[in-house]
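Residues per chain, in single letters:
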Amino acid sequence: LSTRASDILTSLGISSTTEASGVYDGKWGGSGELMQSVCPTTGEVLARVKTATPQELHEALEKTREAYVFFRNIPAPRRGELLRQIREALGAKREELGALVSLEMGKIRTEGVGEVQEFVDICDYAVGLSRMMNGRVVASERPGHSILEVPNPLGVVAVLSAFNFPVAVYGWNLALSMAAGNATIWKPSPTTPLCSIAVTRIVSGVLERNGIPGAVAGLVTGGKDVGSAVVESKDVDLVSFTGSEHVGRIVGKTVMSRFGKVILELGGNNASVIMPDADLSLAVPAVFFGAVGTAGQRCTSTRRLYLHRQIADEFMGRLKKLYASVVPGDPLDSATLLGPMHTKDAVGIYHNAIKHLKEIDAEIVTGGKNYEQSPLDAGNFVQPTIAIPKSVNPTDQIWSTETFAPILNAAVFDDLEEAIGWNNAVPQGLSSSIWTRDLRNVGKWIGPSGSDAGIVNVNVGTSGAEIGAAFGGNKSTGWGRESGGDAWKEYVRWSACTINFSDAAPLAQGVSFAA
Ligand code: NAD
């Protein structure tokens, strides 16, 4: 293993020579199939990870249930204090963990560290929440009665996460789930097991030091089989799934068929609309970051660009200049803006999309190939691409599917209604962005006839979000909400509780049932 990789692993207590344990339920284990973690930048195998067997998964779920039965009775502000300590422990390893994200997932260093910061931020948020997860007192129509809406801990929460946010997505879920009094079990992406092991080591260290069962935050690594077994298990009360629409559809149906709860955070196909009055000095770099950042592998990446005819040439000219300035490289190098695609499969998806663009006679404005010079040829480096398809029919496959790669499709429009129509014509509804200084455009964009996405930005790109607002998308993105806002309300079991403190027992609506 390269020194660079082994230093990062060692700094997080992961041995680079032995097989890493990928199961934690209070103690570390795993004797299932071995999984490899491969560095997308160099192709080197970073570690081999021991995954969960079906029996180990079953045991881990039992331990998680027991941990929930214990944890639900810990007062919420005490749970908040644990989250405060987790926040401190994560903060102390922010740089190391951020570097591991870059090493294993491939995103650039500032974004890797940013993911850990997001986990820290949501812990802060959840510490506050632990004193504010309030129910309500509702006015009763009956004298001497009170109605309370009471939130209680829900049970076992399973988090299934995608490769592209191997730390933050778990953070959003764990923080709310713990504050709410649940036990959480994490099934991370099979290609980022080391991030999940490093995070679980940090979190479990805090739990163990406080005498809390480790299975309050358990881990089961594995592939599709482990994922489906978790989703099918009646021992799991809430499945929080982040991933593709294809798998999300299976997960959603499976959980609904056993009447479990499910949060779906699925694919995005996000558009930026540039009006003639947009400040291009802000809009062009924002689109550049949205489309090229994380090598186009964010659920909120900008994939569609709708340019008003008046500024289309000027915008495209400036954007092309920025694309030409991109120098790909090692994501751990702080000067790098473009890292690799996460896997060889992802490179295949990119090339299939380019092939299709060529077949439909789209103009490839820039990009369309791998970077082939050494040392980039050892990794999964592809050129960020801008294409102008001939057809602007947004229901065509090229516009309507999420291609998880740095490909931006552009088209020219003449009025805002047309652009909003195109924005909304796709199945997905995650993020969207308009660039304008005209208040009338803003009103239309955020109003009833405006963007139908879960994230509707003005003079802010599609990509990246803060933890304070509820995060999630509509339509085939799955309607789930995580992180801030009212998202915590999904992680509790609500009861309506009518209390009669009078000397009579009247029925509601004046119903009479006297014998
Ligand atoms: P994926 O759907 O391939 O995998 C996601 C998870 O599901 C992994 O842990 C995987 O092991 C597991 N899995 C696979 N098959 C399963 C099955 N049959 N049953 C249960 N679990 C199964 O997604 P990916 O390629 O890792 O991630 C990329 C996708 O995630 C993109 O579509 C992206 O837009 C989406 N994403 C969405 C958000 C969001 O918040 N909306 C955030 C990040 C990523």
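The preceding data block contains the structure.
Let me sum up the structure you'll find in this document. What you see is a predicted model; the values in this text were computed from it and never measured.

### Brief notes about empty space enclosed by the protein
For step 1, the next point in the chain: Applying the stated criterion across every chain yields a total of three cavities of 30 Å³ or more.
For step 2, the next point in the chain: Of the pockets and cavities examined, the largest cavity occupies roughly 90 Å³.
For step 3, the next point in the chain: Around the largest cavity, the lining residues are N269, R303, R304, A353, L357, I398, W399, T401, T403, I407 and N409.
For step 4, the next point in the chain: Broken down by secondary-structure element, the contributors of at least two residues to the lining of the largest cavity are strand 14 (302–308), helix 12 (344–359), helix 13 (397–400) and strand 17 (407–413).
For step 5, the next point in the chain: Of the residues contributing to the lining of the largest cavity, the split by class is five nonpolar, four polar and two charged.
For step 6, the next point in the chain: Taken as a whole, the second largest cavity spans an internal volume of roughly 40 Å³.
For step 7, the next point in the chain: What lines the second largest cavity is simply N269, N270, R304, N423, V426, Q428, G429, L430, S431, D452 and A453.

### Observations concerning the site of the ligand
For step 1, the next point in the chain: Close to the ligand lie 28 residues, the nearest being S161, K187, S244, L266 and E402.
For step 2, the next point in the chain: Separating an oxygen atom of the ligand from a side-chain N or O atom of S244 is a distance of 2.6 Å.
For step 3, the next point in the chain: E265 places a polar side-chain atom, nitrogen or oxygen, 3.4 Å from an oxygen atom of the ligand.
For step 4, the next point in the chain: Protein contact buries 89% of the 860 Å² of open area that the ligand shows by itself.

### Focus on the pattern of salt bridges
For step 1, the next point in the chain: The tally for this structure, following the rule as stated, stands at 20 salt bridges.
For step 2, the next point in the chain: For the salt bridge of D279 with R437, the shortest nitrogen-to-oxygen distance reads 3.6 Å. In this pair, D279 sits in the loop between strand 13 (270–274) and helix 10 (280–292) while R437 sits in the loop between strand 19 (431–435) and helix 15 (439–446), placing the two residues 158 residues apart along the sequence.
For step 3, the next point in the chain: You can call R437 exposed: its relative accessible area is 52%.

### A look at the pairing of strand 13
For step 1, the next point in the chain: Judged by how many residues are buried, strand 13 sits mostly within the fold: five of five residues are covered.
For step 2, the next point in the chain: Neither face of strand 13 is left uncovered, since the one carrying N270, S272 and I274 and the one carrying A271 and V273 both have all their residues buried.
For step 3, the next point in the chain: In this structure, strand 13 lies alongside strand 14, joined through five bridges in parallel fashion. By the bridge assignment for strand 14, S272 is matched with L305.

### With respect to the packing of helix 4 (residues 94–104) against helix 7 (residues 193–209)
For step 1, the next point in the chain: Where helix 4 contacts helix 7, the two axes come as close as 9 Å, and the packing angle between them is 165°. As far as their axial angle goes, helix 7 and helix 4 are roughly antiparallel. The two elements helix 4 and helix 7 meet at a crossing, and its hand is left-handed. Facing helix 4, whose interface residues are L97, L100, V101 and E104, helix 7 presents P193, L194, C195, A198, V199 and I202.

### Here we look at the side chain of S204
For step 1, the next point in the chain: In this fold, S204 is placed in helix 7.
For step 2, the next point in the chain: Separated by 3.2 Å, the side chain of S204 and the backbone oxygen of R201 make a polar contact.

### Quick notes on unusual backbone geometry
For step 1, the next point in the chain: The amide bond that connects S374 to the next residue, P375, takes the cis arrangement and shows omega of 5°.
For step 2, the next point in the chain: Mapped onto the elements, P375 comes out in the loop between strand 15 (363–366) and strand 16 (385–388).
For step 3, the next point in the chain: Its identity as a non-glycine residue notwithstanding, F259 has a phi of 55°, on the positive side.
For step 4, the next point in the chain: For F259, the location among the structural elements is in the loop between helix 9 (245–257) and strand 12 (261–265).

### Looking at helix 8 (residues 224–232)
Note: α-helices contain 3.6 residues per turn, so residues at a spacing of three or four share the same orientation.
For step 1, the next point in the chain: Buried within helix 8 we find V226, G227, V230 and V231. All buried residues of helix 8 lie within an arc of 135° about the axis, which places them on one face of the element. For helix 8, exposure combined with an orientation more than 90 degrees from the buried face picks out K224 and D225.

### Some points on the nonpolar core
For step 1, the next point in the chain: Counting 79 residues, the largest nonpolar core has L97, L100, F119, M178 and L194 as the members making the most contacts within it.
For step 2, the next point in the chain: In this structure L97 touches L12, L90, V116, A198, V199 and I202, once residues within four positions along its chain are discounted.
For step 3, the next point in the chain: By size, the runner-up hydrophobic cluster in this structure holds 55 residues, among which are I311, M316, W399 and W445.

### Here we look at the sheet that holds strand 9 (residues 183–187)
For step 1, the next point in the chain: Here seven strands make up an open sheet; going across it, the order is 3-2-10-9-8-11-12 and the pairing mixed. The open sheet terminates on both sides in strands that have one partner only, identified here as strand 3 (28–29) and strand 12.
For step 2, the next point in the chain: Two elements, strand 8 (residues 156–160) and strand 9, share five bridges in a ladder whose sense is parallel. Bridging across to strand 9, V157 finds its partner in T184.
For step 3, the next point in the chain: Each of strand 8, strand 9, strand 10 (217–220) and strand 11 (238–242) touches helix 8; the most contacted strand, strand 8, lies at about 150° to it.

Definitions and limits used
Residues numbered from 1 in each chain as written. Predicted model: local features only at pLDDT ≥ 70, side-chain atom pairs only at ≥ 80, totals over all residues. Heavy atoms only, no water. 1 Å grid on protein atoms, 1.4 Å probe; cavity = no way out; pocket = protein on both sides within 12 Å on 5 of 7 lines; lining within 4 Å. Points joined across faces, edges and corners; volume = space filled by probe spheres on them. Helix = DSSP H or I, 4+ residues; strand = E, 2+ residues; numbered from the N terminus. Nonpolar A, V, L, I, M, F, W, Y, C, P; charged D, E, K, R; others polar. Near = heavy atom within 4 Å. Polar contact = N/O pair within 3.5 Å; in protein donor to acceptor, adjacent residues only side chain to side chain. Areas by Shrake-Rupley, 256 points an atom, 1.4 Å probe, with all protein chains shown as cover. Salt bridge = Lys/Arg side-chain N within 4 Å of Asp/Glu carboxyl O. Buried < 20%, exposed > 50% of the residue type's maximum accessible area, 1.4 Å probe, protein only. Pairing = 2+ DSSP bridges. Axes fitted to C-alpha atoms, helices over the stretch in contact; angles between N-to-C directions. Parallel < 35°, antiparallel > 145°, perpendicular 65-115°, else oblique. Left-handed = near helix turned anticlockwise from the far one by under 90°. Contact = heavy atoms within 4.5 Å. Arc of directions from axis to C-beta. Core = buried A, V, L, I, M, F, W, Y, C linked by side-chain atoms within 4.5 Å.

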